[in-house]
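Next come the chains, spelled out residue by residue.
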Amino acid sequence: MADDPQSIDARTWFRAAAAVLVKEARVEGRSRLALGATVLFSVCALTAVAYTIGETHLDASVQAALLWVVLLFAAMSGLARPFVREEEMQTADYLRLYARPSAVLTGKLLFNAGVMLVIEVVTAPLFFIVMPSGMVRPDVGLLTAVLALGGLGLASTSTFVAAMIAQASAAGSRGALFFVVAFPALAPLLMASTHATFAAMAPVLSPPGYAANSMVVIASYDAIVIAAGYLLFGSVWSET
Amino acid sequence: MSKTGLKIALFVWMEAVIFGAFTFLPPVPGFRVPALAKIMVFHVPNAMSATVISLAAAFYAIRFLFRRNLLDDVKSAAGASIALLFWILTTVTGMVFAQVQWGQAWNWDPKQSAIFMLLLIYLAYFAIRAAFSDAQKRATAAAAWMVFAALTIPLLTYVLPNAPGMMSLHPKQVVFSVGGMGPQYRMIFWGATAGFMGIAVWMFRLHVRIDEMKLSGELAGLSGGL
């Protein structure tokens, strides 16, 4: 039947994915604090870093690293929610019946990408305003590209890892487990994003080809993680 | 030859390899301490054995995801512990070498960073296993992570550090190139590789036997898990 959400008809697939995305957004909107809390978390992390550094001048490379650490912490605090909430509300089994796994993943991934976008839109400009500037004629276009692709990588890996551990029984440790499992997967992305951000902040100071190399790594990381996520999600999500 | 016979032969073989490494191998000029070159016959064979066992663990994980047979999960987990052990040994021997050669055990060069991440990936694997009490769910999550790790490990350990633009302290192209090793080194090296591989496989099989018994116990309702 064309309207069966489990069918492979493209129109119903899109509808299922969109439905998951809208549902996540609505549920998030109901608990008004949740997304706000994540954004506040990243602002606080940023403040902790900036305040303690104070007037000390830091090289652009160090600043770039700090920016990505702050973004990492924010992601770790907020991006497991779609799957963990699903399990806690006990609606996960219903979702398994309702839609194909790939549609579910797409909806949740787009939601997390949206959350990451909000986090970055708030945190990154604030970061560059608040930190004593290490920037030397920054390449804003490159900076935006790094934040976009790097943020997508953060969101993708976090979504997949959250799916894997959402059913873990030791509920109290899920938060720590999420970070522990996600970090090794995110490390190459962090490295490449930091390098690319440094190259964007101070293009004259970085070696030639630095930015291009790093962007290639980030782009291929995104591609690999998203592909691996789609391939593996079905096995993790369905019981059989 | 009986199983016991093979094990005794392996023991004698490894003794010969170790003895040969310390007495038979000549020091190599070009290293900060010429005798340091001997660590190669320990460091690299460990890495190769670790790679083989890692691939086996990933293979069994993939098989589990298809067939959902818990015995495959047992083999995957056993492979992961043996692989972790050998990767730790690889890292430690590498650090000893780095300390003597460059005065600093840890340098964060691409190869060292990659191995560090690899160790974290395996530790995360065991963290995942510890968090689930249901055997099927545990196996599913662990297998998914193992496959994910199997996709990223080649990238992290071989592609990125050896990429053209990467600067690494790690020596390149010693093992498989023509003039890389002298004849004595080649002999002891491949002997060590065979020996370590044999030990790894032996440990793996023992581990699997024990874990299969634990699994039967768990499924029958006794407490404790893998």
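Small disclaimer: the values here were computed from a predicted structure and weren't measured.

Attention shifts here to the overall build of chain B. Counting its regular elements, chain B contains 6 helices and 0 strands. Start at the N end of chain B and walk to the C end: the helices and strands fall as α-α-α-α-α-α. Expressed as a percentage of the 226 residues in chain B, the buried residues total 36%. Expressed as a percentage of contacts within chain B between residues at least 6 apart in sequence, the contacts between residues at least 24 apart total 73%.

This paragraph deals with the confidence of the model for chain B. Residue and element names in this part refer to chain B. Predicted confidence across chain B gives a mean pLDDT of 82, with 84% of residues reaching 70 or more. Ranking the helices and strands of chain B by mean pLDDT puts helix H3 (residues 70-102) first, with 92, and helix H5 (residues 135-159) last, with 79. The ipTM value of the predicted complex is 0.79, and its pTM value is 0.82.

Moving on: the confidence of the model for chain A. Should pLDDT be low for a region, the predicted coordinates there are not to be read in detail. Per-residue confidence for chain A averages 85 on the pLDDT scale, and 93% of its residues sit at or above 70. Confidence, read as mean pLDDT per element, is least for helix H4 (residues 81-88) of chain A in chain A (81) and greatest for helix H7 (residues 140-165) of chain A (92).

Once that is clear, we can look at the environment of Val122(A). Residues and elements named next belong to chain A. With respect to the helices and strands, the residue Val122 is situated in helix H6 (residues 101-130). Overall, Val122 belongs to the partly exposed group, with 17 C-beta atoms counted inside 10 Å. The spacing of Val122 and Val43 is 79 residues in sequence and 7.9 Å in space, taken between C-alpha atoms. Residues in contact with Val122, not counting those within four places in the same chain, are Val39, Ser42 and Val43.

Before going further, it helps to examine the interface of chain A and chain B. At the junction of the two partners, chain A supplies 22 residues and chain B supplies 22 residues. Sorting the residues of the side of chain A that touches chain B by element identifies H7, helix H8 (174-201) and helix H9 (210-237) of chain A as the ones contributing at least two each. When residues in the side of chain A that touches chain B are grouped by element, the largest group, 8 residues, is from H8(A). Here the residues of the side of chain A that touches chain B sort into 16 nonpolar, 6 polar and no charged.

The end-to-end C-alpha separation of helix H1 (residues 3-23) of chain B is 30 Å, in line with the 30 Å expected for 21 residues at 1.5 Å each. For H1(B), the buried fraction is low: 1 of the 21 residues fall into the buried class.

Further remarks concern helix H3 (residues 60-78) of chain A. Residues and elements named next belong to chain A. For H3, which comprises 19 residues, the first-to-last C-alpha distance of 27 Å matches the rise-based estimate of 27 Å (1.5 Å per residue) to within 8%. Those residues of H3 that sit buried are Ala60, Gln63, Ala64, Leu67, Trp68, Val70, Leu71, Leu72, Ala74, Ala75, Met76 and Gly78. The elements touched by buried residues of H3 are helix H2 (33-53), H4, H6, H7 and H8.

A word on the packing of H2(A) against H6(A). All names here are of chain A. The contact between H2 and H6 brings their axes to 10 Å, and the two run at 25 degrees. By the criterion of interaxial angle, the relationship of H2 to H6 is roughly parallel. Once H2 is placed against H6, the crossing between them reads as right-handed. Of the residues in H6, those touching H2 at Leu35, Thr38, Val39, Ser42, Val43, Leu46 and Ala50 are Val115, Val118, Ile119, Val122, Thr123, Leu126, Phe127 and Val130. Looking at the contact of H2 with H6 residue by residue, the class counts come to 12 nonpolar, 3 polar and no charged.

Helix-helix packing is characterised by the crossing angle of the two axes and by the distance between the axes. Residues and elements named next belong to chain A. It is at 9 Å that the axes of H3 and H8 come closest, and there the two elements cross at 145 degrees. Between H3 and H8 the crossing geometry is right-handed. Each of Ala60, Ser61, Gln63, Ala64, Ala65, Leu67, Trp68, Leu72 and Met76 in H3 lies in contact with H8, whose residues at this interface are Phe178, Phe179, Ala182, Leu186, Leu190, Ser193, Thr194, Thr197, Phe198 and Met201. Its residues assigned to classes, the contact of H3 with H8 comprises 14 nonpolar, 5 polar and no charged.

The backbone of Arg68(B) shows a phi angle near 55 degrees, a positive value even though the residue is not glycine. Overall, Arg68(B) belongs to the partly exposed group, with 16 C-beta atoms counted inside 10 Å.

Mapping Leu65(B) onto the fold places it in helix H2 (residues 40-67). Classification of Leu65(B) as buried rests on a count of 22 C-beta atoms within 10 Å. Separated by 79 residues in sequence, Leu65(B) and Ala144(B) have C-alpha atoms that sit 7.6 Å apart. For Leu65(B), the residues in contact, after removing those within four places along its chain, are Ser235(A), Ala143(B) and Val147(B).

Reading the values: rules and limits
- Residues numbered from 1 in each chain as written.
- Chains lettered and ligands numbered in written order.
- Predicted model: local features only at pLDDT ≥ 70, side-chain atom pairs only at ≥ 80, totals over all residues.
- Helix = DSSP H or I, 4+ residues; strand = E, 2+ residues; numbered from the N terminus.
- Buried ≥ 20, exposed ≤ 12 C-beta atoms within 10 Å, placed from the backbone.
- Contact = placed C-beta atoms within 7 Å.
- pLDDT = per-residue confidence, 0-100.
- Nonpolar A, V, L, I, M, F, W, Y, C, P; charged D, E, K, R; others polar.
- Expected span 1.5 Å × (residues − 1).
- Axes fitted to C-alpha atoms, helices over the stretch in contact; angles between N-to-C directions.
- Parallel < 35°, antiparallel > 145°, perpendicular 65-115°, else oblique.
- Left-handed = near helix turned anticlockwise from the far one by under 90°.

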